[in-house]
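Below, each chain spelled out in residue letters.
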Amino acid sequence: MENTQTVKTGMHRKNVTKKVVFVIVGILLGLLFLFPIVILLLNSFKNQRGIFMNVLGFPDAKTFTPNNYPQAFKFLDYTTSFMNSLVITIVSTALILLVSSMAAWVLVRYKTKASSVIFLLFAAAMLIPFQCVMLPLMSVGSALHMINRVGLVIMYVGFGTSMSIIMFHGFIKNVPEELEEAATIDGCNSIQLFFIIVVPLLKTIMITVAILNVMWIWNDYLLPSLVINKAGWQTLPLKTYLFFGQFSKRWDLASAGLMLCIIPIVVFYLACQKYIVKGVTDGAIK
Amino acid sequence: MKGKKLLALVTAGAMCAAALAGCGETTGASSGAAGSTAAGTSAASAGGVANGKNVSINIFQFKVEAKDAFQKAIDAYQKKNPNVKINMETVGGGDDYGAALKTKMKSDPPVIFNIGGPQDVKDWNSKLEDLSDQKWISHLPADSLADVKDGSKVLGMPFDLEGYGIVINRKMFEDAGVSYDSMLTYDGMKKGFDTLKAKIEKGDMKSKYPQLEAVMEYPAKETWVIGDHDINSTLGQDFKNATEAFNAKELPFKASDGYKKIIDFQASYTTNAKSRGTLNSIDYSTSLEGGLAIERVAAIEQGNWIAPSVTSVDANVLKKLDMLPFPVPGFSDGKWPVGVPMYWAVNKDADADKKAAAKDFLNFMYQSDEGKQIIINDAKFAVAFDNYGSLKPSDPLNQRIMKAVADKKTMPGWVYNGAPPTWTQKVAGANVQKYLSGEETWDQVVKNCKDQWKSMRAS
Amino acid sequence: MQKSKTRFWLFLAPALIAFALIVLIPTIMGFWYAFTDWNGISERANFVGVRNFVTIFQDQTFLHAFGFTALFALCAVVLVNVVGFALALLVTQAFPGATALRGIFFMPNLIGGLLLGFTWQFIFTSIFTAIGKATGMHFLIGWLSNPQTGFWGLVILTVWQLSGYMMIIYIAQIQQIQESVKEAARIDGAGAGSMLVHITMPLMMPAFTIGLFMTISNSFKMFDQNLALTAGGPYRATEMLALNIYNSAFAENHLGIAQAKAIIFLIVVAAIGITQLTLTKRKEVEM
């Protein structure tokens, strides 16, 4: 045993040290990033008095309560709100991915004046604070009968394309064009070319863009608060905000409620991560 | 192979998306249809009810704390009037109702909504239905409607009655040998607070109140506390009500010394008495849930609206509380600022039968026996109406306000609603923060407040 | 290759239509309000010419918000991208727990609005004070109560929240270039340091272009974090542009003035953003 280890090359030992350093740095940084979320988690098991007596401490006999979760679950009308959030998030993200990747692809491949102007227009739109367009947007929305869930999805697509196109644009630039040229010679039409040749090359960026959009839409409060006007249509963030009143803020229920909102998206993220890592290894083998 | 699989995935995804989008549309449509059929059946079942025309109205309101109570009233009303369908939306998150309402009016105008003082009445005037023919008006004292009157028109219905002052932990003061009655004036209060302060510093209170740190907390981060409320009694010396303030081109600021005194007073009893700038980071929660409600401090300037918050932390503490008058020394000793902060309004542009239903519902909620029960016991409001009989709010803070009203020991509580928009918070409040941090002298605060009032009125 | 114009517009159409409807038209409508005295409520809006633009350049709060936001953006853009890139480099190394760390660094993005502000307020006001008292480091006491600590509080919060977001973007790029290029470089015998500077960094330029642009835009239009952490206080000293515009529109009921501010804001930030895009794009190498 010892022999085999000493036989191992210096290179390998260096790698082990490097890994140990990475792990230590990773743990320290991880704690720093997790700290507020851990506080949130701890407080979700305390009663309101416990939170305000000692926000940092572990729950003790006097302050521990498991009841925040069932209460928050009921208050949020969790199953319904979850489904509302889920449908809106999935549909919006899928549409954003589709229309943005299509647009970004032609914007990269056509080096015309129109193409660069349109790209800049999309980019510039990212600089507009939402609060500046919300009043006129609601006038437009009302005129077009978009004050409902379908309208909300369309609005997400409108707002989501800018960032997504920029992301796809940056990525596609690094994708060699030869493959597409070859396929065109083989007689692919535009649609085939895009879906058969281009899309498979975009899978890592697709997932990245999907993550960013899912996260934004899942957590968004302001837009649904303006557009959703029927009880039973509300998304999770809309319901979560009802823990906060004019003069009374239920941090105990809100912390539990927030954990309930975070969990699905963490699961989603971890699932995507697996896929990204797998995708990369696939790519390497190919 | 891979390419094909992915293509299949993507197309499946796209189709799925399309299907879902279509699905969304159909659900929307079908739920609408379902809604109308349901309404249809209920109308049929309620065939006997006169003018049984189907009406649906929507309410857009700001009071998260009372939303369950309002829903209870809605359910009760709908049971009695099956042809009326009421959909209530509540704006969560705190205090951006004004922005939400403006946007809402663009997209999906509500039939019933909330308005504040004279500025709102002016801004929303074209949308406000005249309610002066409503029966409930005869049960209100005239001054409760002063700020929503436009000539002979009454444009709003009082939401509730609120009052504020120095909320104290009465039990704690009594344990320190200070009686409630000895603190009804500024001087008396100062004496009592000094006594408690000395006992806290000596450690005499430690055994009974282990959390107790200081007599007061002062959330100077909240400009609605240091601006709106703290300046109100001062404005009350210049103007009789919000409307008078609203019409004033200039601010006399007669009692500006009193304003300074009450600020200095509150700051001096906090743990940050020697580093007052730090108070600018203390927020409402730290002072209330993390202060008064856990007995870390013995007093804060607040109102009857804190009862639900205190209960959520410790219901026992609520029982120990009481409210002292809000003293502007030399001006308002022994009086509580009380008034109507918000009103219900009915949208003038709505259809006639919607407006009728809306008025009928509001009347039901505040004037029927069932509604009164809900307003007092579920919403836990104090009200200005004189026909609530023996129905009385149960907590000590609301009771103190009701007693002050009965004893005529009140002063107008919402005069600040008549100041130029944002003046109280963004001018008075911000300048007080500068004063606390030592950036400005008091004379500068007074000068800025007066100058800004004038220039905001001019623009 | 023959490229048809039809294909260009066909593929662009869905995105362009949604974008025009939801973003472009409302923005242009907003521009029109900038020349009126509309209060956001009444049916009528009177044309007032450039009066609103004259007013806003005399508005001290707006000028202050502009300066404050620019300074904030400078600090935030540098720190967020440095930290984000460092995190991306770290988690793309092979070591146990690297994947879990990706999730962890990214988690701050999942808490928004009020809860974020609340938690950090506790950290700054309670924890910092406790540490300050225990160690005698007095600069840790009284955070958020003055403009300086308010500023750094916002920067810290932003770095904590956004660097994970940028990390995601940088990971995507690193992975795209990693396998193929690095293998080649390793065979050529390049060391880790020179590989980072000469191989990875130049190939990362497209991602830096995006990352910088996104942090610039996010920092300039920051709203939620500003409202939740300091709400512009004390005495409006930490009020950033978006909040200032929002206050004009919805608290002061001067929608025309708010829109005029928004136009100035957009012109300045677009100039900065587009300059950055052109500068960094020049350094991009296409594969």
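**With respect to the overall build of chain A**
Tallying secondary structure elements over chain A gives 14 helices and 0 strands in all. Overall, chain A shows an N-to-C arrangement of helices and strands of α-α-α-α-α-α-α-α-α-α-α-α-α-α. In terms of overall size, chain A is more extended than a compact globule, its C-alpha atoms giving a radius of gyration of 24 Å where 286 residues would be expected to give roughly 19 Å. Looking at chain A residue by residue over its 286 residues, the buried ones come to 49%.

**Brief notes about the domain arrangement of chain A**
Interfaces are frequently sized by the accessible area removed from exposure as the parts join. Examined at the domain level, chain A breaks down into domain 1 (2–53) and domain 2 (76–242). Taking the mean C-alpha position of each, domain 1 of chain A and domain 2 of chain A sit 35 Å from one another.

**Some thoughts on the interface of chain C and chain B**
On the chain B side, the residues contacting the 22 residues of chain C number 21 residues. Put simply, the parts of the chain that give the side of chain C that touches chain B at least two residues each are helix H5 (113–135) and helix H9 (241–251) of chain C. Split into classes, the residues belonging to the side of chain C that touches chain B amount to 8 nonpolar, 11 polar and 3 charged.

**Focus: the sheet that holds strand S12 (residues 343–346) of chain B**
Residue and element names in this part refer to chain B. If you trace the 5 strands from one edge of the open sheet to the other, you get S2-S1-S3-S12-S6, paired in mixed fashion. Among the strands making up the open sheet, the edge pair consists of strand S2 (84–90) and strand S6 (157–158). Of the pairings in the sheet, the one linking strand S1 (residues 55–61) to strand S3 (residues 112–115) comprises 2 bridges and is parallel in character. For phenylalanine 60, the partnering residue across the bridge sits in S3 and is phenylalanine 113. The sheet contacts of helix H13 (residues 352–367) involve S1, S2, S3, S6 and S12, and relative to S1 the element is tilted by about 60°.

**Description of the pairing of strand S7 (residues 162–169) of chain B**
Residue and element names in this part refer to chain B. Within S7, 8 of the 8 residues are buried, which leaves it mostly tucked inside the rest of the structure. Pairing of S7 with strand S11 (residues 336–339), which is carried by 2 bridges, proceeds in the antiparallel orientation. Each residue of the ladder has a partner; that of glycine 163, found in S11, is valine 338. Of the pairings in the sheet, the one linking S7 to strand S9 (residues 297–303) comprises 5 bridges and is antiparallel in character. Residue valine 167 lies in a different strand from S9, and its bridge partner there is isoleucine 300. Inspection of the sheet shows S7 paired to strand S10 (residues 321–324) by 4 bridges, in the antiparallel sense. In the strand pairing of S10, valine 167 is matched with methionine 323.

**Quick notes on the domain arrangement of chain B**
Residue and element names in this part refer to chain B. As assigned here, chain B comprises domain 1 (52–161 + 341–378) and domain 2 (163–338 + 409–458). Distance from the C-alpha centre of domain 1 to the C-alpha centre of domain 2: 31 Å. Counting from both sides, the interface comprises 9 residues of domain 1 and, opposite them, 11 residues of domain 2. Per-class residue counts for the side of domain 1 that touches domain 2 are 4 nonpolar, 3 polar and 2 charged.

**Re the confidence of the model for chain A**
Of the residues in chain A, 92% have a pLDDT of 70 or more, and the chain-wide mean is 85. The secondary-structure element of chain A with the lowest mean pLDDT is helix H1 (residues 2–7) of chain A, recorded at 49, while helix H5 (residues 78–109) of chain A shows the highest, at 95.

Each value, and the rule that gives it
- Residues numbered from 1 in each chain as written.
- Chains lettered and ligands numbered in written order.
- Predicted model: local features only at pLDDT ≥ 70, side-chain atom pairs only at ≥ 80, totals over all residues.
- Helix = DSSP H or I, 4+ residues; strand = E, 2+ residues; numbered from the N terminus.
- Rg over C-alpha atoms; globule rule 2.2 N^0.38 Å.
- Buried ≥ 20, exposed ≤ 12 C-beta atoms within 10 Å, placed from the backbone.
- Domains from an automatic or database assignment.
- Contact = placed C-beta atoms within 7 Å.
- Nonpolar A, V, L, I, M, F, W, Y, C, P; charged D, E, K, R; others polar.
- Pairing = 2+ DSSP bridges.
- Axes fitted to C-alpha atoms, helices over the stretch in contact; angles between N-to-C directions.
- pLDDT = per-residue confidence, 0-100.

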